[in-house]
Amino acid sequence: MKPFQYRDGQLSAEDLAIESLAAEVGTPFYLYSEGAVRGQLRDLKQALIAAGLDPLICYSMKANPSLAIMRALLDEGAGADVVSEGELRRALMAGVPPQKIVFAGVGKTAEEMRAGLEAGILQFNVESRDELLRLNQVAASLGRTATIALRVNPDVDARTHAKITTGTSENKFGIDIALAPEIMSQAAALDHIRLEGLAVHIGSQLTDLSPYAAAFSRLAELFQAARDAGHAMKRLDLGGGIGISYEDGTPPDFPAYAEIAKQAVGHLGIPLIFEPGRAIVGHAGLLISRVLYAKQGINRRFLILDAAMNDLIRPTLYDAWHDILPVAEPGPNTPLLPQDVVGPICESGDIFAEQRPLPELAPGDLVAICAAGAYGATMSSLYNSRLPAPEVLVRGGEFAVVKPRLDYEAMLRQERLPPWLADAPA
Ligand code: LLP
């Protein structure tokens, strides 16, 4: 399904014209298509099942932790991959059964471990010996046993952006695969730890799927060795990372990914966990913004939007490309001019696109910044004391504001003056 298309000269989200949504909600705002989110989950699940695998898809909430999105995915049978107590609470609040929740992350605190244990989650993905010992202590203090998977670092280069590659021995993630057997034996000796699996995640935004083959095969070998050593291993967690096409909107090739997983681990005949984030929600979201000003410089034309890097940091942080579409469909012969699409923040890095060919837009015109459903709203900040953008979910001809715009009073209520500065100078 194509969730965002031009209809009668207007970009629409499912069955709703974005222009009327913008008039109602105000800009900037994030706009998600429930149909697109559900569709991606279904497609991935179908591809995995068609390959003869037994998957539990634990949606990686870090990509977009919206309760509404988690609830829609839960409705499609998904579980959750969480990396903090905040995400755990969101997953539980959305109704995800604890037995479909995995807790990942390289630095879980004792409080977070306690929260996971009390909830009765499926597994903790443990990333170091220190963490293993801490988890054992926390579980002992609660009189519980923590079910774990060891996250191993297979030393495979995912060949993605340096800031989001995780699977080489130069990265902080996971336990070096060569050290895993020793840590598994140590885990087996701990009274409050039950080792049931292995996990891997080699990076994010993988557009070349071949590094998965190497990583999954190494994991399968280790799994077999662990079983041979007497560990009661039950499942593998193959992580997330499936990339999306930002420049032409082509969806990821789920069947090809499923085939790679099947080739590498299918023979084990065990349940598998997957932790996709971006591939599920990336193309299901837009950031809608209005042009505030068009400024013609000597060398460049700038479109100054009411959205900024605090709303969507990816172009600034990763030099990421996001398509930008005018909400009013340009006619077939409309000339395109290279323009810099920027936000109002006082930094030169506050830029969504450089020299992007677009029609000559004017103040008041709306644009849609595409593929903003993943790592968009969730990475936003209050920089420049700008209010966070609201979030809207569309289903067919209906919409709901699933995260209203904060007001300035609420923003300011979060702070206190110290008593010694409480009185304003006379
Ligand atoms: N599992 C683990 C252990 C992860 O670290 C991640 C992402 C995922 C699953 C989900 O990966 P995905 O399927 O979404 O690629 N902010 C960056 C992406 C950071 C990804 C961090 N880990 C961006 O905007 O590109």
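How each quantity is defined
Along each chain, residues carry numbers from 1 onward, in the same order as the chain's sequence is written. Under the rules for a predicted model, residues below a pLDDT of 70 receive no local features and side-chain atom pairs below 80 are neither given nor counted, while totals for whole chains, interfaces and linings still include all residues. As a convention, hydrogens and water are excluded, and side-chain values are obtained from all of the structure's heavy atoms. To qualify as a helix, a DSSP run of H or I must reach at least 4 residues; to qualify as a strand, a run of E must reach at least 2; elements of each kind are numbered from the N terminus. Computation of the radius of gyration draws on C-alpha atoms, with the globule rule given as 2.2 Å multiplied by the number of residues to the power 0.38. By definition in these notes, contact holds between two residues if any of their heavy atoms fall within 4.5 Å. Patches here are clusters of residues that have more than 30% relative accessible area and form no salt bridge, with a 9 Å joining cutoff for like charges and a 5 Å cutoff for nonpolar side chains (Val, Leu, Ile, Met, Phe, Trp, Tyr). Here the accessible surface of atoms and residues is derived via Shrake-Rupley with a 1.4 Å probe, and residues count as covered only by protein chains that are part of the display. In the sections that follow, a salt bridge refers to a side-chain nitrogen of Lys or Arg positioned within 4 Å of a carboxyl oxygen of Asp or Glu. Charge counting follows a simple rule: Lys and Arg are positive, Asp and Glu are negative, and His as well as the terminal groups are ignored. Lysine's charge is taken at NZ, arginine's at CZ, aspartate's at CG and glutamate's at CD. Categorising residues by exposure relies on relative accessible area from a 1.4 Å probe, with only protein chains included: less than 20% of the type maximum marks a residue as buried, more than 50% marks it as exposed, and the intermediate range marks it as partly exposed. If even one non-hydrogen atom of a residue comes within 4 Å of a molecule or strand, that residue is called near it. Whenever a nitrogen or oxygen atom comes within 3.5 Å of another N or O atom, the pair is scored as a polar contact, on the condition that within protein one atom can donate a hydrogen and the other can accept it, and that pairs from neighbouring residues in sequence are kept only if both atoms are in side chains. Following the grouping adopted for this structure description, the nonpolar residues are Ala, Val, Leu, Ile, Met, Phe, Trp, Tyr, Cys and Pro, the charged ones are Asp, Glu, Lys and Arg, and the polar ones are all others, Gly among them. Delimitation of the domains relies on an automatic or database domain assignment. By definition, two strands form a pair when at least two bridges between them are found by DSSP. Of all possible arcs, the one meant is that of the directions from the helix axis to the C-beta atoms. Working definition of a nonpolar core: buried Ala, Val, Leu, Ile, Met, Phe, Trp, Tyr and Cys residues. They are joined through side-chain atoms within 4.5 Å.

For the overall build of the protein, give the residues involved together with the corresponding values.
Along its length, the protein carries 12 helices and 21 strands. Relative to the globule expectation of 22 Å for 426 residues, the C-alpha radius of gyration of the protein, 23 Å, shows essentially globular dimensions. Along the first, second and third principal axes, the C-alpha set of the protein runs to 70 × 65 × 40 Å. Once local pairs closer than 6 in sequence are excluded, the contacts in the protein between residues at least 24 apart make up 69%.

Can you tell me about a negative patch on the surface, naming the residues and giving the values?
On the surface, Asp155, Asp157, Glu170 and Asp176 cluster together into a patch of negative charge. Note that aspartate 157 resides in the loop between β9 (146-153) and β10 (175-176). For aspartate 157, a relative accessible area of 43% corresponds to the partly exposed category.

So, the site of the ligand: which residues are in play, and what are the values?
Neighbouring residues of the ligand: 18 residues in total, closest Ser204, Gly241, Glu275, Arg314 and Tyr375. Interatomic distance of 2.4 Å between a side-chain N/O atom of serine 204 and an oxygen atom of the ligand. Contact distances for the ligand include 2.8 Å between an oxygen atom and a backbone N or O atom of glycine 241. Contact with the protein chains removes 91% of the 580 Å² of surface that the ligand exposes when unbound. A per-class count over the shell around the ligand returns five nonpolar, seven polar and six charged. Domain assignment of the residues forming the shell around the ligand places at least three in each of domain 1 (4-32 + 282-412) and domain 2 (34-278).

Tell me about the pattern of salt bridges, residues and numbers included.
Should the charged atoms of two oppositely charged side chains come close, the side chains can pair. Under the defined criterion, the tally for this structure stands at 18 salt bridges. Close ionic contact of arginine 395 with glutamate 34 constitutes a salt bridge, the shortest N to O distance being 3.5 Å. One end of the pair, arginine 395, is in strand β20 (residues 391-395); the other, glutamate 34, is in helix α2 (residues 34-50), and 361 residues separate them in sequence. Judged by relative accessible area, which is 47%, arginine 395 ranks as partly exposed. Two residues, glutamate 85 and arginine 89, come together in a salt bridge whose shortest N-O distance is 2.9 Å. Of the two residues, glutamate 85 and arginine 89 both sit in helix α4 (residues 85-94), four residues apart, roughly one turn of that helix.

Mind laying out the pairing of strand β14 (residues 285-296), listing which residues take part and the relevant values?
Bridge count for strand β4 (residues 29-33) against β14 is four bridges, and the pairing is antiparallel. Bridging from a neighbouring strand, leucine 31 pairs with leucine 286 of β14. Pairing geometry for β14 and strand β19 (residues 366-369), over four bridges, is antiparallel. Bridging from a neighbouring strand, arginine 290 pairs with leucine 366 of β19. Here five bridges tie β14 to strand β15 (residues 301-305), and the two strands are oriented antiparallel to one another. Residue pairing for β15: valine 291 is matched across the bridge by leucine 305.

Run through the sheet that holds strand β3 (residues 16-17), naming residues and quoting values.
Strand order across the open sheet formed by three strands is β1-β2-β3, with antiparallel pairing between neighbours. Looking at which strands have only one partner, the edges of the open sheet turn out to be β1 (4-7) and β3. Bridging between β1 and strand β2 (residues 10-13) involves four bridges; their strand directions are antiparallel. Among the inter-strand pairings, phenylalanine 4 is bridged to a residue of β2, identified as alanine 13.

Before we move on, can you summarise helix α7 (residues 180-188) with the specific residues and values?
Regarding α7, the residues found buried are Ala180, Ile183, Met184 and Ala187. Angularly, the buried residues of α7 cover 105 degrees about the axis, an arc narrow enough to put them on a single face. Where α7 is buried, its residues touch α6 (129-142), β9, β10, β11 (193-199) and α8 (210-228).

Give a description of the side chain of aspartate 237 that names residues and reports values.
One can find aspartate 237 in strand β12 (residues 235-237). Buried within the structure, aspartate 237 lacks any salt-bridge partner; arginine 235 is the closest side chain of opposite charge, at an N-O distance of 7.7 Å. Of the polar contacts made by the side chain of aspartate 237, one reaches the backbone nitrogen of glycine 239; its length is 2.9 Å. For aspartate 237, the contacting residues outside a window of four places in its chain are Val102, Gln123, Asn125, Leu198, Ala199, Val200, Leu219, Ile273 and Glu275.

Explain the pairing of β19 to me, and be specific about the residues and the numbers.
Neither face of β19 is open: one carries Leu366 and Ala368, the other Val367 and Ile369, and all of them are buried. Judged from the three bridges that link them, strand β16 (residues 324-326) and β19 form a sheet pairing that is antiparallel. In the strand pairing of β19, isoleucine 324 is matched with isoleucine 369.

Would you mind going over the nonpolar core in detail, with residue names and values included?
Counting residues in hydrophobic clusters, the biggest one holds 107 residues, and the most contacted among them are Phe124, Ile148, Leu198, Phe216 and Leu236. When residues of this core are assigned to their parent elements, the largest contribution, eight residues, is made by α8. Looking at this core, you find at least three residues from each of domain 1 (4-32 + 282-412) and domain 2 (34-278). Leaving out residues up to four positions away in the same chain, isoleucine 148 has contacts with Gln123, Phe124, Val126, Leu132, Leu135, Ala187, Ile193, Arg194, Leu195, Glu196 and Gly197. Grouped together as the second largest cluster of nonpolar side chains are 18 residues, Leu16, Val25, Val327 and Ala368 included.

Describe the environment of proline 388, and please don't skip the residues or the numbers.
Tracing the sequence through the fold places proline 388 in the loop between β19 and β20. In contact with proline 388, not counting residues within four places along its chain, are Leu382, Arg405 and Leu406.

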